[in-house]
Amino acid sequence: SSGINAEWPLRPGQYVGVGPAQFIVWFSGFLIGYSDYSELLIISILIPTLRCTWHTTEIFEAGINFAVFGSYALFSGIIAAQADRIGRRPMLIFNTIVVAVASLIAASVDNPWVFTVTRLLTGAFVGGNVSIVVTFALEVSGRETRLLGPSLANCGATVSQVAIALQGMLFLQLVGWRWFIVITSIPLVINLVILIRMPPSPRFLLMSGRKEELHLTLRRMMFMNGKNPANVVFDLGDADPVDEAVTRHGTFMDIFHPEYRRNVLALAVTAFSNMFVEFGIIVLTPLIFTSYFCGANDSILEHGCAPLSHSDYIKIMGTGLAAVFALVISIILSHIIGRLIILRLFGGFIALVTAGLFLCVNEVFTFILILVIKFLDQALNTTLWITAPELLPTSLRSTAVGFINAFGKLGGVLGSSLVYLMFYRSPYSLIGLFLVVQVLGFVGTLVFNRETKGTELEEFLRAGQGTRSSGRETETVNGKSELAGGNEASE
């Protein structure tokens, strides 16, 4: 018989195999990423229709957008941090139920203010889910498959940009906006079924000292992956490299420990800039297609009741396909070249292409530039979410990713809200603001200085001080010694 020791939850791919136990988490990440970006596009597509139904002004439209994504920025980090205390899977289930119920209420109300509140709840809890599932996927994957979790979450986000536009074209005028919301909520129900069957995170159970539950989870993962757990002996207590599973968790301020502070803040600034432009472009795209601005002076663009046409939806789907292509390219390049170079390369290119919008030669040229910006934004976004969870230890991972994600969504809410406020008044000023913010993001990629490609997630809270016999350095969090998870852990 063979013994289960601390290496098992630290390297699940090596010991329990790679199979359905990981696939189910990755697919859940895909669906959560889908829900994340679909929320933005649903609001963007519904605005022209709600303008006809409720006779809203651009101020109110910006208010809806700000409420939805402001709640994302304010509360998603707080919600994600609870997963470092309660657990990944329980928080994912709770958040998904809240989002599903809020979506159904939104589809049944006749008051724009109640509608706004329901979408506010949706934004907050979807945002929390994104950070948690990226962390969860990372923790059940081995080094060779670690790209898949964040990549599939981003794949869901990019696919949603095509799928929601397609659903809008097929169903919005046919069945009305209420049933459109119901139809777009179907992935939430599918994900809830998946989450109920999903095993917990082995790393989190190890960190929490829940040995018996860890034992059962590892056996279940082996069974799901087609391995026979019958002859495996649970022997965590005497295992190396972990001397003792401790229950003390990190706090929010620990993510600003000198070991992490520079890179956490650099990624937060990069996320802010990237989502400011990305969300802004997503909201801007339908407006450009219905009120083309090239050659227009300030205050002459029309703000009226004009639902999107089929050709508008097709153009939106085209920009979504560019994002899907970017996802594939960024995953390949992150694996071959590394995260650090790709972050800087795409960050610089986005700023250059954004400046090209000032040229505004014609509608085709503008459409091509939007395609390129969407491509580069998505490539940078994918690389960022591959990198962020790799920086910190298990006890702080979901908290840190939640903070970076919330900071990014703060940029998203400002960028998308300013589109509604500025586009009809001064479109070129809006483009100039996009450019300034994108340059700020490029500076963030230059400040970031840690390459995580090829590293192992070896870190774990231990009792006592000192280093392991291998000589690798440890770091201290909340008075506990912890193996550094950076390049020292490379094999």
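Computed from a prediction, not measured in an experiment: that's the story for all the values here. Along each chain, numbering runs from 1 in the same order as the chain's sequence is written. Only residues with pLDDT of at least 70 are given local features in this predicted model, and only at 80 or more are side-chain atom pairs given and counted; all residues enter the totals for whole chains, interfaces and linings. Heavy atoms throughout the structure, all of them, feed into the side-chain values; hydrogens and water do not.

Caption draft 1: Molecular detail of the overall build of the chain. Helix and strand assignments follow DSSP, with helices taken as H or I runs no shorter than four residues and strands as E runs no shorter than two, numbered in order from the N terminus. Assigned secondary structure in the chain consists of 17 helices and five strands. Of the accessible surface of the chain, which amounts to about 17400 Å², a share of 67% is contributed by carbon and sulfur atoms. The protein chains shown are the only cover counted for residues, whose accessible areas, like all others here, come from Shrake-Rupley with a 1.4 Å probe.

Caption draft 2: Here's a closer look at a nonpolar patch on the surface. Together, Val 328, Ile 332, Ile 336, Ile 337, Ile 341, Leu 345, Phe 349 and Leu 352 make up an exposed nonpolar region whose accessible area comes to about 740 Å². Where the nonpolar patch is concerned, the elements lending two or more residues are α13 (310–336) and α14 (339–356). With four residues, the single largest contributor to the nonpolar patch is α14. Locating Leu 345 in the fold gives a position in helix α14. In this analysis, a patch consists of residues with relative accessible area above 30% that form no salt bridge, clustered at 9 Å for like charges and at 5 Å for the nonpolar side chains Val, Leu, Ile, Met, Phe, Trp and Tyr. Throughout this description, the term salt bridge denotes a Lys or Arg side-chain nitrogen within 4 Å of a carboxyl oxygen of Asp or Glu.

Caption draft 3: Quick peek at helix α17 (residues 427–447). Under the 1.5 Å per step criterion, the end-to-end length of α17 is 31 Å for 21 residues, consistent within 8% with the ideal 30 Å. Only protein chains enter the area calculation, which uses a 1.4 Å probe; residues under 20% of their type maximum are buried, those over 50% are exposed, and those in between are partly exposed. Among all positions of α17, only Pro 427, Leu 430, Ile 431, Gly 432, Phe 434, Val 437, Gln 438, Gly 441, Gly 444 and Thr 445 are buried. Given the number of residues in a helix, its expected span is that number minus one, multiplied by 1.5 Å.

Caption draft 4: Structural context of the pattern of salt bridges. Scanning the model with the defined rule gives six salt bridges in all. Close ionic contact of Asp 84 with Arg 88 constitutes a salt bridge, the shortest N to O distance being 2.6 Å. Owing to a relative accessible area of 1%, Asp 84 belongs among the buried residues under this scheme. The exposure class of Arg 88 is buried, given its relative accessible area of 2%. Residues joined by salt bridges that share partners form a network here, namely Asp 84, Arg 88 and Glu 139.

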